[in-house]
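The residues making up each chain are set out below.
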Amino acid sequence: MPPRLRLQPSQLRPVRPRTQYVCWQCRHASLASATTPAPPIEQTIAAVPPISRYPPTQPPSYKPPEFRKSQLHRVYQSTLRSSPLILLFQHNNLKATEWSGIRRELSAALKKVDDDLAKNAGDSAYIGSGMKLQIVQTGIFASALKVVEFWDPKFEPEAPTTHPADPQTASSTSIEDTKPVASDPGFKHGLSKQAYLATKKNQALRHGLEPLLSGPLALLTFPDVSPQHLKAALSILSPGPDFPAPKRRVNPAYHEKAVQDGLQKLMLLGARVECKVFDTQGARWVGSIEGGLGGLRAQLVAMLSGIGAGITNTLEAAGRSLYVTVEGRRGMLEEEQKGGKEGGEEQPPASSA
């Protein structure tokens, strides 16, 4: 006998087809069509300016910025613009111990100058800690010097730049130009193409340091023109009759073998003071100014005061001579008048007929 099938009561109910419930509002909404406004006429006539994908604080450069040469070029430009006084030295295979000894003695001498200046309440030229002795790449330094001397971004044409309000490109800048972003004239930094072309066009110009920019170079940069600090630096790096080196009794560390061997390999070539080129004699003259810039200002004030006093005396002398001449002439006329009156009284009266 076959087995019996046992069915659940719920399975015996007839299955009804499920119908999807659709509301009338949704049915009318699906039939509606969206309308978009027409674009403005300016947008249809002119193309949308391209958006350059770069941060405004880091514009593109003519040379790849990831190269070490580009960064050195930028650093040398900043050094030249921020250092009004630079000493140029030629170094020949100095060892690390020799460089460390020279820098140590130089720092000690400059700190001593700062301590002496600190005693004067009105003097605030404490720049010893800001001075730096560094080795530079001669070719890159020469190129940076040309950019600083012969290229002025103030006279370059400006390109209109705007910052879009798009949150995805809030740090971008839109340039209204169809040229590549690297050649846009709006970029005024030292690594731009405009700076590169300006240095190429001005090949005939000379800044005066061309004969010195050959071979290994080292720079001593000053954040301010201070004859006192320059004198101390020359007495350490390039001593001479006018700038004697410290005695062994006063500073025995200066006379160590490593320091002396390093100083023999250093040679002073010249200086750049306030964008002007000085030779070794000119650099020593700047360091020999008595009293520093304060003494130089006092001499200038005294000279101007003397000139003013001389001009005043000259002008007053003309007036005094005229006054003396007029007074003398008046005295002569008074004497003549008095003489005429006295002569008239002495004459006898005429006899009557």
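Before reading further, recall that the structure is shown in the block above.
Residue numbers here run from 1 along each chain, matching the order of that chain's written sequence. It should be noted that, the model being predicted, local features are given only for residues of pLDDT at least 70 and side-chain atom pairs only at 80 or more, the latter also being counted only at that level, while totals for whole chains, interfaces and linings use all residues. For the side-chain quantities, the full set of heavy atoms in the structure was used; hydrogens and water were omitted.

**Q** Just give me the short version of the overall build of the protein, but keep the residues and values in it.
**A** Secondary structure elements follow DSSP: runs of H or I of four or more residues count as helices, runs of E of two or more count as strands, with numbering from the N terminus. Of regular secondary structure, the protein possesses 10 helices and eight strands. Exposure categories follow from relative accessible area, calculated using a 1.4 Å probe and restricted to protein chains: below 20% of the type maximum is buried, above 50% is exposed, and the middle band is partly exposed. A total of 353 residues make up the protein; the buried ones form 30% of that total. Total accessible area on the protein is roughly 24800 Å²; 57% of this is exposed by carbon and sulfur atoms. All accessible areas in this document rest on Shrake-Rupley with a 1.4 Å probe, and a residue is counted as covered only by the protein chains that are shown.

**Q** Talk me through the packing of helix α3 (residues 68-82) against helix α5 (residues 138-150); I want residue IDs and the actual numbers.
**A** Between N-to-C directions, angles cover 0 to 180 degrees, with each direction set by a line fitted to C-alpha atoms, over the stretch in contact for helices. α5 packs onto α3 with a crossing angle of 50 degrees between their chain directions and a minimal axis gap of 9 Å. As judged from the angle between their axes, α3 and α5 are oblique. Seen from above, α3 lies across α5 with right-handed handedness. Mapping the contact onto sequence places Lys 69, Leu 72, His 73, Tyr 76, Gln 77, Leu 80 and Arg 81 in α3 and Ile 140, Phe 141, Ser 143, Ala 144, Leu 145, Val 147 and Val 148 in α5. Classification used: nonpolar for Ala, Val, Leu, Ile, Met, Phe, Trp, Tyr, Cys and Pro, charged for Asp, Glu, Lys and Arg, polar for all others including Gly. Tallied by class, the residues present in the contact of α3 with α5 amount to nine nonpolar, three polar and two charged. Angular relationships are summarised with four words: roughly parallel below 35 degrees, roughly antiparallel beyond 145, roughly perpendicular across 65 to 115, and oblique for the angles in between. For any pair of crossing helices, the crossing counts as left-handed if the nearer helix is rotated counterclockwise from the farther one by less than a right angle, and right-handed if it is rotated clockwise. Contacts are assigned to residue pairs with any non-hydrogen atoms lying within 4.5 Å of each other.

**Q** Requested: an account of the nonpolar core, with residues and values cited.
**A** The term nonpolar core refers to a set of buried residues drawn from Ala, Val, Leu, Ile, Met, Phe, Trp, Tyr and Cys, joined through side-chain atoms within 4.5 Å. One finds Leu 87, Phe 89, Leu 220, Phe 222, Leu 237 and Leu 266 to be the most contacted residues of the largest nonpolar core, which totals 33 residues. Sorting the residues of this core by element identifies β2 (85-91), α4 (96-118), β6 (217-222), α7 (227-237), α8 (257-264), β7 (266-273) and α9 (280-287) as the ones contributing at least two each. A total of seven residues in this core trace back to one element, the largest contributor, which is α4. Excluding its chain neighbours within four sequence positions, the residues that come into contact with Phe 222 are Ser 82, Ser 83, Pro 84, Leu 85, Leu 87, Met 131, His 229, Leu 230 and Ala 233.

**Q** Any details on a nonpolar patch on the surface? Residues and values, ideally.
**A** A surface patch of nonpolar side chains, about 610 Å² in accessible area, is lined by Leu 300, Met 303, Leu 304, Ile 307, Ile 311 and Leu 315. Its place among the elements puts Leu 300 in helix α10 (residues 292-346). For Leu 300, a relative accessible area of 45% translates into the label partly exposed. Only residues whose relative accessible area exceeds 30% and that form no salt bridge enter a patch; like-charged residues are grouped when within 9 Å of one another, and nonpolar side chains (Val, Leu, Ile, Met, Phe, Trp, Tyr) when within 5 Å. We define a salt bridge as a side-chain nitrogen of Lys or Arg found within 4 Å of a carboxyl oxygen belonging to Asp or Glu.

**Q** Go over the pattern of salt bridges with me, naming the residues and quoting the values.
**A** Taken as a whole and assessed by the stated rule, the structure comprises seven salt bridges. A salt bridge links Glu 105 to Arg 104, with the shortest nitrogen-to-oxygen separation between them at 3.1 Å. A relative accessible area of 41% means that Arg 104 is categorised as partly exposed. A salt bridge links Arg 104 to Glu 256, with the shortest nitrogen-to-oxygen separation between them at 3.5 Å. In this pair, Arg 104 sits in helix α4 while Glu 256 sits in the loop between α7 and α8, placing the two residues 152 residues apart along the sequence. One network of salt bridges, in which partners are shared, links Arg 104, Glu 105 and Glu 256.

**Q** A description of the sheet that holds β6 should follow, citing residues and the corresponding values.
**A** Paired strands are those between which DSSP finds at least two bridges. The sheet built from five strands is open, its strands ordered β3-β6-β2-β7-β8 with antiparallel pairing. The sheet terminates laterally at β3 (132-136) and β8 (276-278), the two strands that pair on one side only. For this sheet, the mean angle separating the axes of adjacent strands, direction not counted, is 25 degrees. Where β3 lies against β6, five bridges are found, and the strand directions are antiparallel. Following the sheet pairing, Leu 133 is matched in β6 by Leu 220. Against the sheet, α3 engages β2, β3, β6 and β7, with an angle of about 140 degrees to β3. Helix-sheet contacts for α9 involve β2, β7 and β8, and the interaxial angle to β7 is about 70 degrees.

**Q** Any details on the packing of aromatic side chains? Residues and values, ideally.
**A** Two rings from Phe, Tyr or Trp (for Trp, the six-membered ring) form a pair when their centres sit within 6.5 Å of each other. Planes less than 30 degrees apart are called stacked, planes more than 60 degrees apart edge-to-face, and all others tilted. Overall, the coordinates contain one aromatic pair when judged by the stated rule. Judged by centre distance (6.0 Å) and plane angle (75 degrees), the ring pair of Tyr 76 and Phe 141 falls under edge-to-face. Linking Tyr 76 in helix α3 with Phe 141 in helix α5, this pair joins segments that are 65 residues apart in sequence.

**Q** Explain the packing of α7 against α9 residue by residue, including any values.
**A** To describe two helices that pack against each other, one gives the angle between their axes and the distance between the axes. Two elements in contact, α7 and α9, have axes whose closest approach is 7 Å; the angle formed by their N-to-C orientations is 125 degrees. By the angle class used here, α7 and α9 are oblique. For the pair α7 and α9, the contacting residues are Pro 227, Leu 230, Lys 231 and Leu 234 in the first and Ala 283, Arg 284, Val 286 and Gly 287 in the second. For the contact of α7 with α9, a count of residues per class yields five nonpolar, one polar and two charged.

**Q** So what's going on with α9? Which residues, and what values?
**A** Of all the residues in α9, the buried ones are Gly 282, Ala 283, Arg 284, Val 286 and Gly 287. On its buried side, α9 packs onto β2, α7, β7 and β8.

**Q** Talk me through helix α6 (residues 193-201); I want residue IDs and the actual numbers.
**A** All of the buried residues along α6 are Gln 194, Ala 195, Ala 198 and Thr 199. Here the buried residues of α6 occupy an arc of 135 degrees about the axis, which is enough to place them on one side. Structurally, α6 contributes buried residues whose contacts are with α5. The directions considered for the arc run from the helix axis to the C-beta atoms.

**Q** I'd like a description of the pairing of β2, backed by residues and values.
**A** Counting buried residues along β2, seven of its seven residues qualify, which places the element largely inside the surrounding structure. Relative to β6, β2 runs antiparallel, the two sharing six bridges. Bridge pairing in β6 places Ile 86 opposite Thr 221. Two elements, β2 and β7, share seven bridges in a ladder whose sense is antiparallel. Note on β7: the bridge partner recorded for Gln 90 is Met 267.

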